[in-house]
Amino acid sequence: MNQKRPRIGVMGGTFDPIHNGHLVAASEVADAFQLDEVIFVPTGVPWHKKAVSSAEHRYLMTVIATAANPSFTVSRVDVDRPGVTYTIDTLEEVAKTYPNADLFFISGADAIAQILVWKDIEKIWPLATFVAVSRPGHVLELPDTEQAAIEVLEVPALAISSTAVRARVTAGKPIWYLVPDGVVQYIAKHELYGADN
Ligand code: ATP
Ligand code: MG
């Protein structure tokens, strides 16, 4: 009966929109840490920035972007929880759903650097192994703590950000190959980010 504990990645983000940098990061961490599944968790109201698009648009784009990968799933926990999204709440929800799993929280170099300002930081550490992936334009500065399990992973560099994708759409520039095809089409269909072409 020696059943293996499931290994579950959790990737939180605003995903406004989700882009190939997010997907490569998740795919690389899944491979390096032998994850059974990666759950993408779009934020409800982000505590640190104002999302441009509604939670529903961001959730649906994340579903479209991950649909073809059998080990990628999307969770609505943060979208459906009223109020601001905190990582502690996200991880506690996932831990409740997967009580026997080992959790791996995936974030980019910039996001992990903000880790010390997270709410309830000492309660967060025991919930997951933290995997910080490299990101072009961001120096990886790890918080100075012994309480946390933080792993660092170099991933193929994709200098893509949602901010740049939004700016390109607004300027009428193409976003093909920066985001999955279905996301390009979804943005055009719903005229997100001032797209009118
Ligand atoms: P924005 O420009 O709106 O902040 P973003 O591109 O930074 O968007 P987020 O939704 O803020 O995307 O990021 C979610 C997570 O994905 C964060 O942990 C972030 O560090 C990571 N991430 C985003 N883009 C990349 C990338 N190109 N390479 C590696 N990690 C990334
Ligand atoms: Mg960001």
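As a starting point, this report considers the structure included with it. (Residues numbered from 1 in each chain as written. Chains lettered and ligands numbered in written order. Predicted model: local features only at pLDDT ≥ 70, side-chain atom pairs only at ≥ 80, totals over all residues. Heavy atoms only, no water.)

### Topic: the sheet that holds strand β7 (residues 129–133)
Now for step 1: Ordered in space as β4-β2-β1-β6-β7-β8, the 6 strands form an open sheet in which the pairing is parallel. One side of each edge strand has no neighbouring strand; the edge strands of this open sheet are β4 (72–74) and β8 (150–153). Adjacent strand axes in the sheet meet at a mean angle of 25°, parallel and antiparallel pairs treated alike.
Now for step 2: Against the sheet, helix α4 (residues 87–97) engages β1 (7–13), β2 (37–42), β6 (102–108) and β7, with an angle of about 150° to β6. (Pairing = 2+ DSSP bridges. Helix = DSSP H or I, 4+ residues; strand = E, 2+ residues; numbered from the N terminus. Axes fitted to C-alpha atoms, helices over the stretch in contact; angles between N-to-C directions. Contact = heavy atoms within 4.5 Å.)

### Considerations on the packing of aromatic side chains
Now for step 1: Scanning all chains against the criterion turns up 5 aromatic pairs.
Now for step 2: With 5.7 Å between their ring centres and 50° between their planes, Phe 105 and Phe 130 make a pair best called tilted. One end of the pair, Phe 105, is in strand β6; the other, Phe 130, is in strand β7, and 25 residues separate them in sequence. Considered together, Phe 105 and Phe 130 belong to a single accessibility category, that of buried residues.
Now for step 3: Among the aromatic residues, ring-to-ring pairing joins Phe 15, Phe 40 and Phe 72 into one connected group.
Now for step 4: Above the plane of the ring of Tyr 59 lies Arg 76, whose end atom (NZ or CZ) is 4.6 Å from the centre. (Phe/Tyr/Trp six-rings, centres within 6.5 Å; stacked < 30°, edge-to-face > 60°. Buried < 20%, exposed > 50% of the residue type's maximum accessible area, 1.4 Å probe, protein only. Lys NZ or Arg CZ within 6 Å of the ring centre and 35° of its normal.)

### Re the packing of helix α2 (residues 55–66) against helix α8 (residues 181–189)
Now for step 1: Relative to each other, α2 and α8 sit at 150°, their axes nearing to 8 Å. The angle between α2 and α8 places the two elements in the roughly antiparallel class. Considering how the two elements wind past one another, α2 and α8 form a crossing that is right-handed. For the pair formed by α2 and α8, the contact residues are His 57, Leu 60, Met 61, Ile 64 and Ala 65 on the first element and Gly 182, Val 183, Tyr 186 and Ile 187 on the second.
Now for step 2: In terms of residue class, the contact of α2 with α8 is built from 7 nonpolar, 2 polar and no charged. (Parallel < 35°, antiparallel > 145°, perpendicular 65-115°, else oblique. Left-handed = near helix turned anticlockwise from the far one by under 90°. Nonpolar A, V, L, I, M, F, W, Y, C, P; charged D, E, K, R; others polar.)

### With respect to the environment of Ala 164
Now for step 1: Along the polypeptide, Ala 164 turns up in helix α7 (residues 162–170).
Now for step 2: Relative accessible area serves as the criterion here: at 38%, Ala 164 is assigned to the partly exposed category.
Now for step 3: Note: C-alpha distance between Ala 164 and Ile 175 (11 residues apart in sequence) is 9.6 Å.

### Observations regarding the pattern of salt bridges
Now for step 1: Enumeration over the complete set of coordinates arrives at 7 salt bridges.
Now for step 2: Residues Glu 56 and Arg 76 are paired through a salt bridge, measuring 2.8 Å at the closest nitrogen-oxygen approach. Here Arg 76 lies in the loop between β4 and α3 (77–80) and Glu 56 lies in helix α2, a separation of 20 residues in the sequence.
Now for step 3: By relative accessible area, Glu 56 is classed as partly exposed at 36%. (Salt bridge = Lys/Arg side-chain N within 4 Å of Asp/Glu carboxyl O.)

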